[in-house]
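Given next are the chains, with one letter for each unit.
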Amino acid sequence: MMSMAAPFRYAPLLILLLAWEAATTFGLISTQMLPHLTTVLASWWDLMVGGELPAQAYRSLSRSFTGLGAAVVLGIFIGVSMAGSRAFRLFANPIVQAFYPMPKSALIPVVIIWFGLGDMSKISLIFLGCMLPVVISSYNGARGVNPFFIWSARSLGASRAAVAVQVVLPGAMPEILNGVRTALAFSFILMVSSELVIARDGLGYLISTFGESGSYPAMFAVILTVAALGFIADRTYSAFMRYVLRWRES
Amino acid sequence: MSETRELPLAAAPSEAAVRQDASRRARLRSGQVTDFAIQASVLISIGIIWEIASRGGFVHPFLLPPLSEALMRLASNAAAGTLFVDLGLTLYRALSGFAISAAIAVPLGVMMARSAPVRWFFDPLVSIGFPMPKIAFLPIFILWLDIYDTAKITMVAFSCFFVIVSASYAGTLAVDRWQIWSARSFGASERQVLTEIILPMALPQILTGFQIALPVAMITTIVTEMLMGGRGIGGAMIMAGRFADSVGVFSGIIAIALLGFVVIRTLEVIRRRILVWHAEARSA
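Residues numbered from 1 in each chain as written. Chains lettered and ligands numbered in written order. Predicted model: local features only at pLDDT ≥ 70, side-chain atom pairs only at ≥ 80, totals over all residues. Heavy atoms only, no water.

### Quick notes on the nonpolar core
In this structure, I207(A), M219(A), F220(A), V222(A), F98(B), I164(B) and F210(B) are the most contacted members of the largest nonpolar core, which totals 142 residues. At 16 residues, the largest contribution of residues to this core is made by helix α8 (residues 190-228) of chain B. The residues touching V222(A), leaving out its near neighbours within four places in the chain, are L47(A), L53(A), L203(A), L206(A), I207(A) and F210(A). (Core = buried A, V, L, I, M, F, W, Y, C linked by side-chain atoms within 4.5 Å. Buried < 20%, exposed > 50% of the residue type's maximum accessible area, 1.4 Å probe, protein only. Helix = DSSP H or I, 4+ residues; strand = E, 2+ residues; numbered from the N terminus. Contact = heavy atoms within 4.5 Å.)

Quick look at the structure:
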């Protein structure tokens, strides 16, 4: 099953797309509700050539990755420190536990109050939403590192910082990378959600303006683009993950 | 596609290695009480710092209204009953979307693991659907189903769907073949194999899927309420934001945090109840 050729493997997707085109062509579904697939593709091409879609995608993705990048750096630092220091764990754990169950999209009105409607509100929302999965996975990963490795390194004269960077971090890496994958998914959800609610620019803004003006083929084209970007980001990331973890026996 | 997509949850640390003898355990328990006291005091101090920062003018009260004012607003909304209407509607939408999704996704995931044609058709679709930001499809659901509860609940169900399918699929695939074969050789019918062997064995992973999907359902419900208006805690918060009523926004945040906490904890309790027989219950 695994070695199935790609065309055969993705044949169901093709069937679905053909069914879409057929349903609209034979009038089973009104094109007001579901535009022709070919029309959607044509308007996608127009948006690409016109430069509108790449420009807005760039704005969205740059915000998304800025927030995610900051969350990954700080999240790993907090998670590993929580595992390494009891005092810090006692300080940070209640905050993590209190924020963990909160649906992060509820912070949208709060970041609007704090940072207005510009870039900063969306970046900080993505940052806050992505940080907890990274903190929790880094903490769990760092706690799971074999203490003998840490003791050996310490007894061989490694400083606490050297142990954290050279022993704990590589040992915790598989879990950390999994947490970052969750955070990557969150960054896309929060990016689109915030751009739909605070519609100023970006892909979410394109979707909502096309929707409101009734240009449904363009709306569908942008939605499918967002879905494809989320899929590509996840696949690229998991290829990167496999590359980084190639030293592990699977 | 055999990779399991288990997302990490905030699992309670199980520092089980130390629990050897009774005296140690007693010492550990007193240590846990101290830990709990310290952690509770951290949260209380944050509340106090919040209050002082806002009252003392260190932070503009519009950016961070005093905690006491937010709590007072929460209390008055609770007394007026509007708080429970909003929270109830949000919870109703999140849970019904989640339930509809689970009712379709669990059987589909199990069937994908059990039947090659079903797997052939759905495996690529699920692996594409899983990482997509589902919330982007919201305008399509608005176009098809208008802006009321049907569209909101459908959106929520769609957002949970792929997570639950993947968990049920992976959980069923991981069931030990030997146990299925032994049950068959003892004369169990296919139906019995399904209900007595496969479903119980796959249950821990299905429940993990639920534990990931339910927070997703809450996130999605709140975004749909913010975008489509109407009652519900998300709608109430975005209205408060539009009227620059920051006390309303912060009291909404506190209400949502409490609701999220109750929902997630309830699911953890249900998991422990259902999986009493499972090895994980003994180790925890």
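### Details of the pattern of salt bridges
Evaluated as defined, the whole model comprises 15 salt bridges over all chains. In this structure, R93(B) and E225(B) form a salt bridge, with 2.7 Å as the shortest nitrogen-oxygen distance. You can see R93(B) sitting in helix α3 (residues 82-114) and its partner E225(B) sitting in helix α8, a full 132 residues away along the chain. Of the two residues, R93(B) and E225(B), neither departs from the other in class, the shared state being buried. The partner of R114(B) in a salt bridge is E190(B), and the shortest N-O contact between them spans 3.4 Å. Of the two residues, R114(B) is situated in helix α3 and E190(B) in helix α8; the sequence distance between them amounts to 76 residues. Residue class for R114(B) comes out partly exposed when judged on its relative accessible area of 37%. Shared partners join several salt bridges into a network, and the residues in it are R59(A), R63(A), D119(A), K122(A), E195(A) and D201(A). (Salt bridge = Lys/Arg side-chain N within 4 Å of Asp/Glu carboxyl O.)

### Description of the packing of helix α2 (residues 67-80) of chain B against α3(B)
Residues and elements named next belong to chain B. Two elements in contact, α2 and α3, have axes separated by 4 Å at closest approach and are oriented at 85 degrees. Taken together, the axis directions place α2 and α3 in an arrangement best described as roughly perpendicular. From α2, L74, N77, A78 and A80 reach across to α3, where they touch T82, L83 and F84. (Axes fitted to C-alpha atoms, helices over the stretch in contact; angles between N-to-C directions. Parallel < 35°, antiparallel > 145°, perpendicular 65-115°, else oblique.)

### Some remarks on the interface of chain A and chain B
Listed as interface residues are 60 residues of chain A and, on the opposing side, 56 residues of chain B. Taken together, both faces of the contact between chain A and chain B bury some 5,400 Å²; the carbon and sulfur share is 76%. Where chain A packs against chain B, one counts one salt bridge. Where R86(A) meets D35(B), a salt bridge forms, and the shortest distance between an N and an O atom there is 2.9 Å. Taken together, chain A and chain B are joined by five residue pairs in polar contact (both at pLDDT 80 or more). Those elements giving two or more residues to the side of chain A that touches chain B turn out to be α1 (6-9), α2 (11-25), α5 (86-99), α6 (108-115), α7 (119-143), α9 (160-197) and α11 (216-244) of chain A. Among the elements that take part in the side of chain A that touches chain B, α11(A) stands out by supplying ten residues, more than any other. Class assignment of the residues belonging to the side of chain A that touches chain B gives a composition of 42 nonpolar, ten polar and eight charged. (Buried area = accessible area lost by both parts, 1.4 Å probe. Polar contact = N/O pair within 3.5 Å; in protein donor to acceptor, adjacent residues only side chain to side chain. Nonpolar A, V, L, I, M, F, W, Y, C, P; charged D, E, K, R; others polar.)

### Points about the side chain of S43(A)
Residues and elements named next belong to chain A. Of note, S43 is situated in helix α3 (residues 37-50). The class for S43 is buried, based on a relative accessible area of 14%. Among all residues touching S43, those that are not within four sequence positions of it are P217, A218 and A221.

### Overview of α2(A)
Residue pairs three or four apart in sequence face the same way in an α-helix, which turns once every 3.6 residues. Here α2(A) contains 15 residues, and its C-alpha end-to-end distance of 21 Å stays within 8% of the 21 Å for a straight helix at 1.5 Å per residue. A positive backbone phi angle near 75 degrees is found at G27(A), which sits one or two residues after α2(A). (Expected span 1.5 Å × (residues − 1).)

### Notes on the packing of aromatic side chains
Tallied over the full model, the rule gives 16 aromatic pairs over all chains. Ring centres of F88(A) and F91(A) lie 6.3 Å apart, and the angle between their planes is 45 degrees; this geometry places the pair in the tilted category. Here F91(A) and F88(A) lie together in helix α5, a separation of three residues that amounts to about one turn. F91(A) sits in the partly exposed class, given a relative accessible area of 44%. Measuring from centroid to centroid gives 6.0 Å for W50(B) and F250(B), while their planes differ by 65 degrees, and the two rings are edge-to-face. With W50(B) in helix α1 (residues 22-55) and F250(B) in helix α10 (residues 246-274), this pair connects stretches of sequence that are 200 residues apart. (Phe/Tyr/Trp six-rings, centres within 6.5 Å; stacked < 30°, edge-to-face > 60°.)

### Some details on unusual backbone geometry
Residue and element names in this part refer to chain B. Its identity is not glycine, yet A244 carries a phi of approximately 55 degrees, on the positive side. Position of A244 among the secondary structure elements: in the loop between α9 (233-242) and α10. Taking relative accessible area as the criterion, A244 reaches 44% and is therefore assigned partly exposed.

### As for empty space enclosed by the protein
Going through the model one piece at a time under the given rule, you end up with two cavities of 30 Å³ or more. Considering only enclosed or pocket space, the second largest cavity measures out at about 30 Å³ in volume. For the second largest cavity, the full set of lining residues is K104(A), F186(A), I189(A), L190(A) and I219(B). With three residues, α9(A) is the single largest residue contributor to the lining of the second largest cavity. (1 Å grid on protein atoms, 1.4 Å probe; cavity = no way out; pocket = protein on both sides within 12 Å on 5 of 7 lines; lining within 4 Å. Points joined across faces, edges and corners; volume = space filled by probe spheres on them.)

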